[in-house]
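Residues per chain are reported as follows:
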Amino acid sequence: MSMNRRDFLFLTTGAAALAATEGLGLADAGSVIDAGPVGNFATDGVYSNFRALGFFVIRKGGKLTALSSICTHRKVQVTAEHDCSFYCKRHGSTFDPSGHVTKGPAKRDLPVLATSVNGAGHLLVTVPLV
């Protein structure tokens, strides 16, 4: 099969556009992490077990959420405090138990991450790919 220049450019442009679109889809999808049985998070509080993987599990009033453990200022891991707030050691940013900025230099809240429960009753957390 012979291909003229116009056909070649059309095919390569289409392939490049498809590759870019697929790349965006991967970034949007993120990585799904099985945080284990929902029963592991039975009492209200912040669970730091997954901090190194990029999130905290938070149970408040019977509701489970996942909050990013990465400071929005300079991408440093934050730590959970005893009062369920969060602190970034690098530049001093603080966040309330819901992840809202209470002291800068961070200007953006900690992102709430997508969660679901699978058929086995495990909490699944979607962590964005970096």
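Residues numbered from 1 in each chain as written. Predicted model: local features only at pLDDT ≥ 70, side-chain atom pairs only at ≥ 80, totals over all residues. Heavy atoms only, no water.

S.K.: Which residues make up the packing of aromatic side chains, and what values do they have?
M.R.: Aromatic rings in a pair are described by how distant their centres are and how their planes are angled relative to each other. Enumeration according to the criterion identifies three aromatic pairs in this entry. With a centroid separation of 5.1 Å and an interplanar angle of 85°, the aromatic rings of Phe-41 and Tyr-47 are classed as edge-to-face. For the pair Phe-41 and Tyr-47, a shared accessibility class is recorded, and that class is buried. Between Phe-56 and Phe-86, the ring centres sit 4.8 Å apart and the planes meet at 35°, which makes this aromatic pair tilted. Here the residue Phe-56 occupies a position in strand S3 (residues 55-60), and Phe-86 occupies one in strand S6 (residues 86-87), the gap between them amounting to 30 residues. As far as burial versus exposure is concerned, Phe-56 and Phe-86 are alike and both buried. (Phe/Tyr/Trp six-rings, centres within 6.5 Å; stacked < 30°, edge-to-face > 60°. Buried < 20%, exposed > 50% of the residue type's maximum accessible area, 1.4 Å probe, protein only. Helix = DSSP H or I, 4+ residues; strand = E, 2+ residues; numbered from the N terminus.)

S.K.: Describe in detail the environment of Pro-37, supporting the description with residues and values.
M.R.: Among the structural elements, Pro-37 can be located in strand S1 (residues 31-37). Residues in contact with Pro-37, not counting those within four places in the same chain, are Gly-121 and His-122. (Contact = heavy atoms within 4.5 Å.)

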